[in-house]
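# Tertiary structure, described
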Amino acid sequence: MKNVKRIVVAVVLFVAATGFVNAQSKVAHINVQQLLSEMPEMKAAQAELKKLQETYTAELQGSMQELQNKLTQYQNEATSKTNEENEKRAQELQGFEKNIDEARNAAMQDMQKKQQELFAPISDKAKAAIEKVAAAQGFDYVIDATPGLSLIVAKGKDLLPDVKKELGF
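In this report, we go over the structure that sits alongside the text. (Residues numbered from 1 in each chain as written. Predicted model: local features only at pLDDT ≥ 70, side-chain atom pairs only at ≥ 80, totals over all residues. Heavy atoms only, no water.)

## Here we look at the sheet that holds strand β1 (residues 27–30)
Taken together, the three strands give an open sheet; going across it, the order is β2-β1-β3, and neighbouring strands pair in parallel fashion. For this open sheet the edge positions go to β2 (141–144) and β3 (157–158), each flanked by a neighbour on one side alone. Bridge count for β1 against β3 is two bridges, and the pairing is parallel. Considered in β3, the bridge of H29 is made with D158. (Pairing = 2+ DSSP bridges. Helix = DSSP H or I, 4+ residues; strand = E, 2+ residues; numbered from the N terminus.)

## Remarks on the packing of aromatic side chains
Per the stated rule, a full pass over the model turns up zero aromatic pairs. Of note, K70 hangs over the ring of F96, and the distance from its end group to the ring centre comes to 5.3 Å. (Phe/Tyr/Trp six-rings, centres within 6.5 Å; stacked < 30°, edge-to-face > 60°. Lys NZ or Arg CZ within 6 Å of the ring centre and 35° of its normal.)

## Things to note about the side chain of T146
Take T146: it is sitting in the loop between β2 and β3. Among the residues examined, T146 registers a relative accessible area of 14% and is labelled buried. For T146, the side chain forms a polar contact with the side chain of N31, separated by 3.3 Å. Here V32 takes part through its backbone nitrogen, which lies 3.5 Å from a polar atom of the side chain of T146. In contact with T146, other than residues within four places in its own chain, are I30, N31, V32 and Q33. (Buried < 20%, exposed > 50% of the residue type's maximum accessible area, 1.4 Å probe, protein only. Polar contact = N/O pair within 3.5 Å; in protein donor to acceptor, adjacent residues only side chain to side chain. Contact = heavy atoms within 4.5 Å.)

## As for helix α3 (residues 40–77)
Relative to the 56 Å expected for 38 residues at 1.5 Å per residue, α3 spans 56 Å between its end C-alpha atoms, a close match to the ideal helical length. Against the buried residues of α3 lie α2 (32–38) and α4 (83–136). (Expected span 1.5 Å × (residues − 1).)

## Focus on the side chain of R89
Structurally, the position occupied by R89 is in helix α4. R89 sits in the buried class, given a relative accessible area of 14%. At a separation of 2.6 Å, a polar atom in the side chain of R89 contacts the side chain of E77. Not counting residues within four places of it along the chain, the set of residues in contact with R89 comprises Y74, E77 and K81.

If you want it as structure tokens, here you go:
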């Protein structure tokens, strides 16, 4: 009778342990930031953003130089002008300075909008490739291993090489 109980307990433990092992999910990791930075599309998008930024910077610097020139001119002519004319010129400079600030803010907003517009399809493409590779290899979860995030130990399967192959680079 004792042997039968031991056998039953052993079988129950074996079945429970087998069920527990089968219930565990497969987990992999990938450094998404590295993947995105190595994608050719991302490099092209970054080059386009840099070109746009250089254009805005040149325009703003030109406006700032124009403001500086007017300021210098008005300072040099201030003694030969009336107080009313000097006040009018000061208001003109303040308006010009305000326009430059508004142009700077508009440029920053435009840059952010353009960045989202360019990066969203690239990010979606990377995500689709990660999902495809993970499904093909039977992984239930893929954790982002980008440094600075919450992943502390990454001893599991790294999907980066497989996803890069899927994307063709």
